[in-house]
Amino acid sequence: MSADFTLERDAFGRLILTDAAGRAHTGVAAVRAFPIHAPGEGISLLDADGHECAWIARLADLPPAARALVTEALEQREFMPAIQRVLAVSSFATPSHWHVQTDRGETWLTLKGEEDIRRLGADLLIISDAHGVQYLIRKLQDMDRQSRKLLDRFL
């Protein structure tokens, strides 16, 4: 399946979408409709004013060059490290400081309250720290025993 638009970057690194009618939209942003449950499906390309220029039902259906540009735009917009291990917790009362291992390296986060840990499914959690950074735990049951034990104190 070919897209009815083309994508490229300008000299300033902005994404330009040219639609089927030949109109160029500069400064396009890619936004996922379902970033956690279906990250490769339902992606909207929005112009600088927030109007939808194109809808991508499945990222895998795009030609490789366009798919690479959309993936790069999504990565620039989204930042949600995945917690792989909870290494230490300063206290079991909040606020508490957590030392965690993520898919992007070790870091510290501050948990203001238990309400900042949200369950999105039986095995899926999002943790928001005091600075507004959101961390994802995709499969709670796949974490090591110590991490699950520490998390259980807050759930």
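Look up: the structure comes first, before these words.
What this report covers is the structure whose coordinates are included nearby. (Residues numbered from 1 in each chain as written. Predicted model: local features only at pLDDT ≥ 70, side-chain atom pairs only at ≥ 80, totals over all residues. Heavy atoms only, no water.)

## Let's talk about the environment of Ile56
Logical step 1: You can see Ile56 is positioned in strand S6 (residues 52–58).
Logical step 2: When the C-alpha positions of Ile56 and Leu109 are compared, they lie 35 Å apart, and in sequence the two are 53 residues distant.
Logical step 3: Non-local contacts of Ile56, meaning those with residues more than four positions away in its chain, are made with Phe5, Glu41, Gly42, Ile43, Leu45, Leu62 and Val70. (Helix = DSSP H or I, 4+ residues; strand = E, 2+ residues; numbered from the N terminus. Contact = heavy atoms within 4.5 Å.)

## Describing the pairing of strand S12 (residues 134–137)
Logical step 1: The pairing of strand S11 (residues 125–128) with S12 spans four bridges and is antiparallel. Residue pairing in the sheet places Leu125 in a bridge with Ile137 of S12.
Logical step 2: Hairpin connection, S11 to S12: the antiparallel pair is bridged by five residues, and Gly132 has positive phi, about 90°. (Pairing = 2+ DSSP bridges.)

## Concerning the packing of aromatic side chains
Logical step 1: All told, the structure shown has two aromatic pairs when counted by the stated rule.
Logical step 2: Their ring planes at 45° and their centres at 6.1 Å tell us that Phe92 and Phe154 sit as a pair that is tilted. In this pair, Phe92 is assigned in the loop between strand S7 (83–89) and strand S8 (96–102) and Phe154 in the segment after helix H2 (145–152), connecting sequence segments 62 residues apart.
Logical step 3: Taking 5.0 Å as the distance between ring centres and 50° as the angle between the ring planes, the aromatic pair formed by Trp98 and Phe154 counts as tilted. (Phe/Tyr/Trp six-rings, centres within 6.5 Å; stacked < 30°, edge-to-face > 60°.)

## As for the side chain of His25
Logical step 1: For His25, the position within the fold is in strand S3 (residues 24–26).
Logical step 2: Among the polar contacts made by the side chain of His25, one reaches the side chain of Asp19 at a distance of 3.2 Å.
Logical step 3: Discounting chain neighbours no more than four positions away, the residues touching His25 are Leu15, Ile16, Leu17, Asp19, Asp47 and Cys53. (Polar contact = N/O pair within 3.5 Å; in protein donor to acceptor, adjacent residues only side chain to side chain.)

## Notes on helix H1 (residues 64–77)
Logical step 1: Between its first and last C-alpha, H1 extends 20 Å over 14 residues, near the 20 Å set by a 1.5 Å rise per residue.
Logical step 2: Buried residues belonging to H1 abut strand S1 (5–9), strand S2 (15–19), strand S4 (29–32), strand S5 (41–46) and S6. (Expected span 1.5 Å × (residues − 1).)

## Points about H2
Logical step 1: Taken residue by residue, H2 has Ser147, Leu150 and Leu151 as its buried positions. The arc that holds the buried residues of H2, viewed along the axis, is 100°, so those residues lie on one side. Structural note: H2 exposes Arg145 and Lys149 on the side pointing more than 90 degrees away from its buried face.
Logical step 2: Summarising the contacts, the buried residues of H2 are in contact with S7, S8, S11 and S12.
Logical step 3: One side-chain oxygen of the residue at the start of H2 lies 3.3 Å from the amide nitrogen of Gln146, identifying that residue as Asp144. (Buried < 20%, exposed > 50% of the residue type's maximum accessible area, 1.4 Å probe, protein only. Arc of directions from axis to C-beta.)

## Comments concerning the pattern of salt bridges
Note that side chains of opposite charge can pair when their charged atoms are close.
Logical step 1: Counted according to the given criterion, the structure contains five salt bridges.
Logical step 2: Among the ionic pairs, Arg9 bridges to Glu72, the shortest N-O distance being 2.8 Å. Of this pair, Arg9 sits in strand S1 while Glu72 sits in helix H1, and the two are 63 residues apart along the sequence.
Logical step 3: For Arg9, a relative accessible area of 26% puts it in the partly exposed group.
Logical step 4: Glu72 gets classed as partly exposed once you look at its relative accessible area, which sits at 35%. (Salt bridge = Lys/Arg side-chain N within 4 Å of Asp/Glu carboxyl O.)

## So, the sheet that holds S4
Logical step 1: Spatial strand order, S4-S5-S6: three strands in an open sheet with antiparallel pairing. Of all the strands in the sheet, just S4 and S6 have a single pairing partner and so form its edges. Pairwise comparison of adjacent strand axes, ignoring direction, gives a mean angle of 25° for this sheet.
Logical step 2: Strand direction decides the pairing type here: S4 and S5, joined by four bridges, are antiparallel. The partner of Ala30 across the bridge, within S5, is Leu45.
Logical step 3: Strands in contact with H1 are S4, S5 and S6; relative to S4, the strand with the most contacts, it is inclined by about 75°. (Axes fitted to C-alpha atoms, helices over the stretch in contact; angles between N-to-C directions.)

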